[in-house]
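The lines below spell out each chain.
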Amino acid sequence: MATTLTITSPTYAGEAAKGYLAAALLEGNTIAKGGIEVRQNIRYKQVMQKIATDANVIQNATCGFSDTSTVTLTERILQPEEFQSNLEFCKKDFVPTWEAMELGMSAYKNPPKSFVDFVLGHVAGLIKEKTEQNIWEGVNANVGEFDGFVTLALADSDVIDVASHAAVTSANVIDKLGSIVDSIPSKLYNKDDMYVYISQNIARAYVRALGGFSSNIGAAGTDSKGTQWYNGSGDLSFDGVKLFVANGLADDTAMATQKSNLFFGTGLLNDMNEAKVIDMSPIDGSQNFRVVMRYTSGVQYAIGSEIVLYHA
């Protein structure tokens, strides 16, 4: 069954009328901006070993050997899941549109190139958007999703939960970010790759607060620039900890941990950027063409006790 295609305003506007418009997509910035570790070439699954030692690792020196420490090895599994996107279009649907010239003059029609190019880019964008959401908020029980970091953390008793959760506004964002940073274990606070991953609404509230819309900041805001202090291109930080705006996080949600503790796994990262277009005419005699994309993806963290979660 072909993908349902609705063509509105089928007006032929000439060969120069190229280009399609699509709904805005949520940018998959977590991977694109290097927010987490990426493990490629995972054929099936990857085992991540965790080593834990007790307090007896360091002893006073003696002339002999005394094995007094306890070492515990545990593991977490990073197992990417398989996903696909399959679309089918009938070339006949494009005859009354301004793509008619691209179909060719004969009864044997070619798929319209400009539409195919658009579909390829649009589907790749949709996959990036869905992957961004899955990385943080995905739930394996839902079609097209794998368990994201928030889902995994909520099920892990080792994760540090911030008790003072509330909806974040410009009036309380300083206090709420403070409660997250205060919960970070001391041994992690000064790590170079320590981040507080925040949702977009927390980021907006923080920027507004620093612009003077908070009791903690002077009315003129940061550098006395008011709401114009931030142009959107600079890095944000709080109490010396870098902030990473993760577009896939739900509102009022944040997670603090090291980048090196978060892993995204896939077969090949490039699989999410490529798709195949198959003209079915020489195969089954139909006037259809198909767009097929297959890829694998999944996430996992290594140490739950080194994650702080701000979540309702």
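Preceding block: the structure.
Being a predicted model, the structure only gives us computed values, none of them experimental.

Quick notes on the rules
Residues numbered from 1 in each chain as written. Predicted model: local features only at pLDDT ≥ 70, side-chain atom pairs only at ≥ 80, totals over all residues. Heavy atoms only, no water. Helix = DSSP H or I, 4+ residues; strand = E, 2+ residues; numbered from the N terminus. Buried < 20%, exposed > 50% of the residue type's maximum accessible area, 1.4 Å probe, protein only. Contact = heavy atoms within 4.5 Å. Areas by Shrake-Rupley, 256 points an atom, 1.4 Å probe, with all protein chains shown as cover. Polar contact = N/O pair within 3.5 Å; in protein donor to acceptor, adjacent residues only side chain to side chain. Pairing = 2+ DSSP bridges. Salt bridge = Lys/Arg side-chain N within 4 Å of Asp/Glu carboxyl O.

**Here we look at the overall build of the protein chain**
Moving on, step 1. Across its full length, the protein chain carries seven helices and 13 strands.
Moving on, step 2. In the protein chain, which comprises 312 residues, the proportion classed as buried is 43%.
Moving on, step 3. Pairs at least 24 apart in sequence give 75% of the contacts found in the protein chain among residues at least 6 apart.
Moving on, step 4. Element-wise, carbon and sulfur atoms account for 51% of the exposed surface of the protein chain, whose accessible area totals about 17100 Å².

**Some thoughts on the side chain of Thr 30**
Moving on, step 1. Locating Thr 30 in the fold gives a position in helix α1 (residues 29-32).
Moving on, step 2. In terms of polar contacts, Thr 30 uses its side chain to reach the side chain of Glu 132, at 2.8 Å.
Moving on, step 3. If we skip the residues at most four places from it in the chain, Thr 30 touches Gly 35, Ile 36, Glu 132, Ile 135, Trp 136, Phe 244 and Ala 246.

**Describing the sheet that holds strand β13 (residues 308-310)**
Moving on, step 1. Taken in spatial order, the six strands line up as β5-β13-β9-β6-β8-β7 in an open sheet, and their pairing is mixed. The sheet terminates laterally at β5 (160-161) and β7 (236-238), the two strands that pair on one side only.

**Looking at the pattern of salt bridges**
Pairing between side chains of opposite charge can happen when their charged atoms approach one another.
Moving on, step 1. What the rule picks out here adds up to five salt bridges.
Moving on, step 2. Where Glu 88 meets Arg 290, a salt bridge forms, and the shortest distance between an N and an O atom there is 2.5 Å. Of the two residues, Glu 88 is situated in strand β4 (residues 81-90) and Arg 290 in strand β12 (residues 288-301); the sequence distance between them amounts to 202 residues.

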